[in-house]
Amino acid sequence: MKYINADVILPQQLLQEIQKYMQGGMLYIPKSEGQRKRWGENSGGRSYLSARNQSIREHYASGLSVTELAEQFCLSADSIKKIVYGNKQRG
């Protein structure tokens, strides 16, 4: 996250209003609701996990056991069960 000095980008009147509540600290201003991205969309983590989970479901459907899948994908048996038996629409 890039640090930007507020007095460079904010109008003086707005800066003074903010200073009534906070001075000399760092303030995080989140993106508006429509601009937010879901977890992993920037890094590719979401698509990686979606593809991995789909692969796990396909291997399970072809006959591999939960234990075999846990070893192959380095996950716990409980994690494999959640992926295999969970909601198929997750991404």
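Structure first, text after, so check above.
Note that this is a predicted model, so its numbers are computed, not measured. (Residues numbered from 1 in each chain as written. Predicted model: local features only at pLDDT ≥ 70, side-chain atom pairs only at ≥ 80, totals over all residues. Heavy atoms only, no water.)

### Side note on helix α5 (residues 77-85)
In step 1: Along α5, the residues classified as buried are I80, I83 and V84. All buried residues of α5 fall inside an arc of 95° around its axis, so they share one side. Exposed positions of α5 whose direction lies more than 90 degrees from the buried face are D78, K82 and Y85. (Buried < 20%, exposed > 50% of the residue type's maximum accessible area, 1.4 Å probe, protein only. Helix = DSSP H or I, 4+ residues; strand = E, 2+ residues; numbered from the N terminus. Arc of directions from axis to C-beta.)

### Some points on the pattern of salt bridges
In step 1: In total, this model carries one salt bridge according to the counting rule given.
In step 2: In this structure, E17 engages K20 in a salt bridge whose closest nitrogen and oxygen atoms are separated by 3.1 Å. (Salt bridge = Lys/Arg side-chain N within 4 Å of Asp/Glu carboxyl O.)

### Focus: the side chain of R52
In step 1: As for its position among the elements, R52 is in helix α3 (residues 45-61).
In step 2: It is E58 that comes nearest to the buried, bridge-free R52 among opposite-charge side chains, at 12 Å.
In step 3: For R52, the side chain forms a polar contact with the side chain of N53, separated by 2.8 Å.
In step 4: If we skip the residues at most four places from it in the chain, R52 touches F73, L75 and I83. (Lys, Arg positive; Asp, Glu negative; His and termini not counted. Polar contact = N/O pair within 3.5 Å; in protein donor to acceptor, adjacent residues only side chain to side chain. Contact = heavy atoms within 4.5 Å.)

### With respect to unusual backbone geometry
In step 1: Look at C74: it is not a glycine, yet its phi comes out positive at around 55°.
In step 2: Along the polypeptide, C74 turns up in the loop between α4 (66-73) and α5.
In step 3: According to the relative accessible area criterion, C74 is exposed, its value standing at 70%.

### Things to note about the packing of α4 against α5
Two quantities define a packed helix pair, namely the angle between the helix axes and the distance between the axes.
In step 1: Packing of α4 against α5 brings their axes to within 9 Å, and their N-to-C directions diverge by 110°. Taken together, the axes of α4 and α5 lie roughly perpendicular to each other. Where α4 approaches α5, its residues V66, L69 and A70 are matched on the opposing element by A77, I80, K81 and Y85.
In step 2: Taken together, the residues of the contact of α4 with α5 sort by class into six nonpolar, no polar and one charged. (Axes fitted to C-alpha atoms, helices over the stretch in contact; angles between N-to-C directions. Parallel < 35°, antiparallel > 145°, perpendicular 65-115°, else oblique. Nonpolar A, V, L, I, M, F, W, Y, C, P; charged D, E, K, R; others polar.)

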